[in-house]
Amino acid sequence: MTDTSTDSSTDTGAFSLAFTGEGAGAGPLTWAQSVMWGPMQWFGKEANQFNIGRALVLPAPVAPDRLTVVLRDLVETHQTLRTRYVQRADGPRQEVAASGAYDVVVVDDQGDPARVGDELVATLSEAAFDHEAQWPLRVGWARDRAGRISAVALVGSHLAFDGWAFTTLTGLLLDRLTGPPSTPAAPPSGQAAPSPAPAAPPAARPAGGVPQPLTQAAFQQSPAGQQTSRLGLRHWEQGLSVAPASMFDLPTAPTGGQPVERHLLDSAAVTAAATALATRTRTSFSTVLLALTTLILTAYNGHHTAVFKLIAGNRLDRDSRDLIALNTLDALLVHRVDDDVDLLTAIRNLHRPAFDAYRRAQCDPAEVRRVVERVGRRRGVAFDLSAYFNNGHRGSDWATTDPDPGPDRLAVLRRDSHYSRLEPLSKSDMRFYVAASNLGDGRCRLGLLVDTAYLPGALGETVIRGIETLLCDAVAKEVRVAEIAGRIGLTPARRGSDWVSTPAGWVRPQAVADLVGEVAGGVPAAALVDPAGDGGVTVYVAASERSPRELHRRVLDALPGRPGVAAPAGYVVCRSVPPAGAGPDAWRDVPVLARGSGRDA
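Scoring rules and cut-offs
Residues numbered from 1 in each chain as written. Predicted model: local features only at pLDDT ≥ 70, side-chain atom pairs only at ≥ 80, totals over all residues. Heavy atoms only, no water. Buried < 20%, exposed > 50% of the residue type's maximum accessible area, 1.4 Å probe, protein only. Helix = DSSP H or I, 4+ residues; strand = E, 2+ residues; numbered from the N terminus. Contact = heavy atoms within 4.5 Å. Pairing = 2+ DSSP bridges. Axes fitted to C-alpha atoms, helices over the stretch in contact; angles between N-to-C directions. Salt bridge = Lys/Arg side-chain N within 4 Å of Asp/Glu carboxyl O. Polar contact = N/O pair within 3.5 Å; in protein donor to acceptor, adjacent residues only side chain to side chain. Core = buried A, V, L, I, M, F, W, Y, C linked by side-chain atoms within 4.5 Å. pLDDT = per-residue confidence, 0-100. Parallel < 35°, antiparallel > 145°, perpendicular 65-115°, else oblique. Left-handed = near helix turned anticlockwise from the far one by under 90°. Nonpolar A, V, L, I, M, F, W, Y, C, P; charged D, E, K, R; others polar. Right-handed = clockwise from strand over helix to strand, strands pointing away. Expected span 1.5 Å × (residues − 1). Arc of directions from axis to C-beta. Disulfide = S-S within 2.5 Å.

What to know about helix H15 (residues 509–519)
Summarising burial for H15: 8 of the 11 residues are buried, a large majority. By the burial criterion, the buried members of H15 are Pro 509, Ala 511, Val 512, Ala 513, Leu 515, Val 516, Gly 517 and Val 519. On its buried face, H15 is in contact with strand E16 (500–502), strand E17 (505–507), strand E18 (525–529), strand E19 (537–542), helix H16 (548–558) and strand E20 (570–574). Note on H15: the residue one or two positions beyond its end, Gly 521, has a positive phi of about 110°.

Here you go:
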């Protein structure tokens, strides 16, 4: 180990921390890694927004040798810290190395380890990870004038860590640095001493060791893992069979080059009010926030059914709780919203559907994609599942000093709420995302991401402040679901008379007709809505050589990326077009070459 750092307060340095561990090998990605792999590739250099960082200011500075011993033991014990994620001919894989080295950045703490630690985290977070060439963790530390370590900076890739895993890692590091010095335990390098406590059924923990992602991936491919997946896939199929195709079948607004806004609200009032409502409804903090999130978005977009992806950690057994690796999956929530109830009833109504969604999140994401595609083609839609909710707090205890606050107390707490905005993004695979995290001291941080093409103007701030407003109002008085928009100053989206509500969601019939005419070769087409039906659209198209079945297949292929458009319920291929100026209904009188739904029998 060579220390190239200097004693200058302005220079930085680095040294190489070598490690040698056991358990090297390669295997498929875990389900959670597979979910994150696609977005990481899609975002490219902009994937740095997913980096997870934290600066640890040590209560008392420690000698560099002590920190290197602790770091080396953690790297050798946990496969994630010595894993590279690579694209191979048979798909993406995780490859665990037996040996290697970490380049640790060293800076002077300049007498202010907290500030310098935060700055070091920011520096280490600037670039996205090159997962084929880099370890998924970046390490740096700040030293005082005596050469002791006063702060440690850690930055992890979201392909390797979720919030739980990163918190576990930083907790282990801090515990070992602040406790009495000790020598790593006696078991073979790369494994921790076995615990006397009984372990859960083997999902990620090899015998006598710590849980590892390679073992987790192997379990997921096993018959037991596949049975778990089948139960989850059944939940997805049932939900998608009645879900709207998109929560964003809306007229779009013009945007600039950075259309994705990010809003933050730090609020002790949110913690106190949501905790009180969870107690009253006998639900949970997460259910309360999720209910408000779904109700506000449906109040805006005019939907009666919400479809959300929930970020599910599901660390329900000892193996998953101890696993230092990404373990989050997408859970599907499809929930019918009742406008004619009060807010507390709406919260209670959501609790069981949310529980079922989280419970069935454990399934193969490749198979989920196939289910989404299959159900979408059967229903004649391309699903846009881009509304998300994430309760990022570890555990269920949101400690608050005000378990049953009154209106006056909530008003005081709200005066200390802090709203801010992060730099906007050029793109995101989410159109709407609400996240909650626990800042400690009784404060909840609400984060909101919105695509301003669908929620333009000041709607982002209205939504995030509106969650706080509704929570506090509901503690003091009855709040009806139908009143939500008015209470928070939310103006619902306006659709013209050329939009209709269908089982697939809101559809603009002329856009459906334009799509059919386009795939038919650029010929005229018109959409007629059955006034006595359920809003189903029939498209009449002129002189196409395509059969209804061929037209339907081409429409399905062209649907992705077009919110507000769905395949028509029926196709009528006409011999000619109506006379000029005759109007849409004249299509009914044109001689017909073929008609049908286009669906397979």
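From this point, the discussion proceeds with the structure in view.
Details of the sheet that holds strand E5 (residues 91–96)
Read across the sheet, 3 strands follow the order E2-E5-E4 without closing on themselves; strand pairing throughout is antiparallel. The two strands at the open ends of the sheet, each matched to only one other strand, are strand E2 (25–28) and strand E4 (83–88). Between one strand axis and the next, the sheet turns by 30° as a mean value, whatever way the strands run. Here 4 bridges tie E2 to E5, and the two strands are oriented antiparallel to one another. By the bridge assignment, Pro 28 is partnered in E5 with Arg 93. On the sheet, helix H1 (residues 31–43) packs against E4 and E5 and is oriented at approximately 65° with respect to E4. This element, helix H5 (residues 213–221), spans E2 and E5 of the sheet and lies at about 40° to E2.

A short note on the sheet that holds E18
Strand order in the open sheet formed by 4 strands is E18-E19-E20-E21, with mixed pairing between adjacent strands. A single partner strand is all that each edge strand has here, and the edge strands are E18 and strand E21 (592–596). If you compare each strand with its neighbour and ignore which way they point, the axes differ by 15° on average. Where E20 and E21 come together, 4 bridges link them in antiparallel fashion. Note that in E21 the partner of Val 573 across the bridge is Ala 594. Contacts between H16 and the sheet are confined to E19, E20 and E21, with E20 contributing the most and set at about 125° to the helix.

Digging into the pattern of salt bridges
Throughout the structure, instances matching the rule amount to 32 salt bridges. For Arg 176, the salt bridge goes to Asp 73, with nearest N and O atoms at 2.7 Å. Taken together, the residues Arg 176 in helix H4 (residues 163–178) and Asp 73 in helix H2 (residues 64–77) connect sequence positions 103 residues apart. With a relative accessible area of 33%, Arg 176 lands in the partly exposed category. Connected through shared salt-bridge partners, Glu 373, Arg 377, Glu 550, Arg 553, Arg 554 and Asp 557 make up one network.

A short note on the side chain of Thr 83
Inspection of the secondary structure assignment puts Thr 83 in strand E4. One polar contact links the side chain of Thr 83 to the main-chain carbonyl oxygen of Gln 79, over a distance of 2.6 Å. Setting aside residues no more than four positions away along its own chain, Thr 83 makes contact with Gln 94, Glu 95, Val 96, Gln 134, Trp 135 and Pro 136.

Some remarks on the nonpolar core
By size, the foremost hydrophobic cluster in this structure holds 110 residues, and its most contacted members are Phe 308, Phe 432 and Leu 471. Counting residues per element, this core draws most heavily on helix H8 (residues 285–301), at 10 residues. In this view, Leu 471 contacts Val 270, Ala 273, Ala 274, Leu 277, Val 288, Leu 289 and Leu 292; residues no more than four positions away in its chain are not counted. Of all hydrophobic cores here, the second largest spans 44 residues; its members include Phe 15, Val 70, Leu 137 and Ala 160.

Here's the deal with the confidence of the model for the chain
On average, the chain scores 90 in pLDDT, and the residues at 70 or more come to 92%. Contacts for the low-pLDDT stretch residues 1–11, under 50 throughout, to residues beyond four places or in other chains number 25 contacts. In this model, residues 183–202 is a region of pLDDT below 50 whose contacts with residues beyond four sequence positions or in other chains number 35 contacts.

Re the packing of helix H6 (residues 223–240) against helix H11 (residues 365–379)
Contact geometry for H6 and H11: axes closest at 10 Å, N-to-C directions at 25°. What the angle tells us is that H6 and H11 run roughly parallel. Between H6 and H11 the crossing geometry is right-handed. Note on element contacts: H11 touches H6 through Glu 367, Val 368, Val 371, Val 372, Arg 374, Val 375, Arg 378 and Arg 379, opposite Leu 233, Trp 236, Glu 237 and Leu 240. Considering only residue class, the contact of H6 with H11 consists of 7 nonpolar, no polar and 5 charged.

Structural notes on the pairing of E19
Buried residues dominate E19, accounting for 5 of its 6 residues. The sheet contact formed by E18 and E19 spans 5 bridges and is antiparallel. Considered in E19, the bridge of Ala 527 is made with Val 539. In this structure, E19 lies alongside E20, joined through 5 bridges in parallel fashion. The residue bridging Tyr 540 from the neighbouring strand is Val 572, located in E20. Crossover handedness for the path E19 to H16 to E20: right-handed.

Thoughts on H11
For H11, built from 15 residues, the straight-helix expectation of 21 Å at 1.5 Å per residue is met to within 8% by its first-to-last C-alpha distance of 21 Å. If you check which residues of H11 are buried, you get Pro 365, Val 368, Val 371, Val 372, Val 375 and Gly 376. Looking straight down H11, one finds that the buried residues subtend no more than 125° of arc, so they occupy a single side. Of the surrounding secondary structure, the elements contacted by the buried residues of H11 are H1 and H6. Its side-chain oxygen 2.9 Å from the backbone nitrogen of Ala 366, Asp 364 forms the N-cap of H11. Looking at the residues trailing H11, positive phi occurs at Gly 380, about 80°.

Digging into the state of the cysteines
Applying the stated criterion across every chain, the model contains 0 disulfides. A disulfide-free cysteine, Cys 472 has its sulfur positioned 12 Å from the sulfur of Cys 444, the nearest such atom.

As for the environment of Val 500
Inspection of the secondary structure assignment puts Val 500 in strand E16. You can call Val 500 buried: its relative accessible area is 18%. For the pair Val 500 and Asp 416, spaced 84 residues apart in sequence, the C-alpha to C-alpha distance is 44 Å.

Some remarks on the packing of helix H12 (residues 407–415) against helix H13 (residues 459–476)
In the contact formed by H12 and H13, the axes pass within 9 Å of each other and the chain directions differ by 160°. Regarding the angle of H12 to H13, the classification is roughly antiparallel. Where H12 crosses over H13, the two elements pack in a sense that is right-handed. Across the interface between the two elements, Pro 407, Leu 410 and Arg 414 of H12 pack against Arg 465, Glu 468, Thr 469, Cys 472, Val 475 and Ala 476 of H13. When the residues that make up the contact of H12 with H13 are grouped by side-chain class, the tally is 5 nonpolar, 1 polar and 3 charged.

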